[in-house]
Amino acid sequence: MSAATTRSRTPDRLCAEAVDLAREAAEEAAAPGVVGEHVEVVAEGDRVVTHFFDCKEPGYRGWRWAVTVTRASRAKLVTLDETVLLPGPDALLAPEWVPWSERLRPGDLGPGDLLPTEADDLRLEPGYSGEDAPPPNSAVSEEMAEHLDVEDAEITSRTPSRGAIASVAEELGMRRARVLSRYGLHVAADRWEEAFGAKTPMAQAAPATCASCAFLMPLSGSLKQAFGVCANEFSPADGHVVSLAYGCGGHSEAAVMPKPPRPAAPVLDSMGADEFRLRPARDSGSVPPETDGASEDLGHS
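Let me begin by describing the structure that accompanies this report. (Residues numbered from 1 in each chain as written. Predicted model: local features only at pLDDT ≥ 70, side-chain atom pairs only at ≥ 80, totals over all residues. Heavy atoms only, no water.)

**With respect to the overall build of the protein**
So the rule is basically this: Each helix is a run of DSSP H or I of at least 4 residues and each strand a run of E of at least 2, with the numbering of both proceeding from the N terminus. Think of it in three bands: residues with accessible area under 20% of the maximum for their type are buried, residues over 50% are exposed, and the middle band is partly exposed, with areas taken using a 1.4 Å probe on protein chains only. A contact between two residues is defined here by any heavy atoms of the two lying within 4.5 Å. Method for areas: the Shrake-Rupley scheme with a 1.4 Å probe, in which residue coverage is limited to the protein chains shown.
The number of helices and strands found in the protein is eight helices and nine strands. Relative to its full complement of 301 residues, the protein shows a buried share of 23%. Look at the contacts in the protein between residues 6 or more apart in sequence, and 51% of them connect residues 24 or more apart. Total accessible area on the protein is roughly 23,300 Å²; 54% of this is exposed by carbon and sulfur atoms.

If you want it as structure tokens, here you go:
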């Protein structure tokens, strides 16, 4: 029988009237003063009824005390079945639980914390290939895992037998059991590019990129073509992996102090004297030419 059919039944009369019995059971299970008003009665089955009371407990807003009562067939005595605190339709619930591996964020790892990696981690791949198994003291070695389960022994480093692939890999500097995969490299590059890349506001206002900066320390491997480590203590990216396209005001070739500005030459020279003629020159065309008759000075006869 479905739950909808069960709840659509008419509650048993004697069980529905046992409100005081249900309240006493709720008050006994709860702290004093946290059982509120009676909300509703729901029929759970034949002669089985649940009484709901409001919960006034701080932090349980919308929750309800549910007290189930019942009685035997042809009996008039109502007995208590169970008492429990249940969330109501408008209850404040905790968020859905998320595994720690999905909740972990960059920066959560503190001193003394251990972050184990799974054997099939997509960010890692075998550091060397061949028929030889990982070294006996490797973190991915099945032999070491069984050994730790059996006895509490201290791990000491052992050298692989000469001629084995693990021994050759150690001589070539490839003694790590696993290295970054292509996927792991791409994920790290995207993360670094977002923090210290060419699209950041600092890089947009920089005089030049890190590719030409003397404070850039190059990386090794395939990422050296796109990233490096900043070694300028005054840069906001000091000690961080930066993109070669990143830049800041601490660029080594941009630290040149500009010369003090020189004022322009004055338009009016107040220290010199200009010569002005009292009469215009005769060859300037401003005076009429002299006539044959005698001229009178200043117009006097």
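**Focus: the pairing of strand 1 (residues 35–45)**
Stated formally: A pair of strands is treated as paired once DSSP finds two or more bridges between them.
In terms of strand pairing, strand 1 meets strand 2 (residues 48–55) through seven bridges, oriented antiparallel. Bridging from a neighbouring strand, Val41 pairs with His51 of strand 2. The hairpin turn running from strand 1 into strand 2, its antiparallel successor, is two residues long, and Arg47 in that turn takes a positive phi close to 60°.

**Let's talk about the sheet that holds strand 7 (residues 216–218)**
Just so we agree on the cut-off: Geometry is summarised by axes, namely lines fitted to C-alpha atoms with helices restricted to the contacting stretch, and by angles between N-to-C directions that run from 0 to 180 degrees.
The antiparallel open sheet is built from three strands, whose spatial order is 7-8-9. The sheet is open, and its two borders are formed by strand 7 and strand 9 (241–243), each paired with just one other strand. On average, each strand axis in the sheet is inclined to that of its neighbour by 50°, with strand direction left out of account. Here strand 7 runs beside strand 8 (residues 227–230); their pairing, made up of three bridges, is antiparallel. From the neighbouring strand, Leu216 faces strand 8, where its bridge partner is Cys230.

**Focus: helix 3 (residues 19–29)**
The following threshold applies: The reported arc concerns the directions from the helix axis to the C-beta atoms and nothing else.
Those residues of helix 3 not exposed but buried are Ala22, Ala25 and Ala26. Burial along helix 3 is one-sided: seen end-on, the buried residues are contained in an arc of 100°. In helix 3, those exposed residues whose orientation departs by more than 90 degrees from the buried face are Asp20, Glu24 and Glu28. The inward-facing, buried residues of helix 3 abut strand 1, strand 2, strand 3 (63–70) and strand 4 (79–87).

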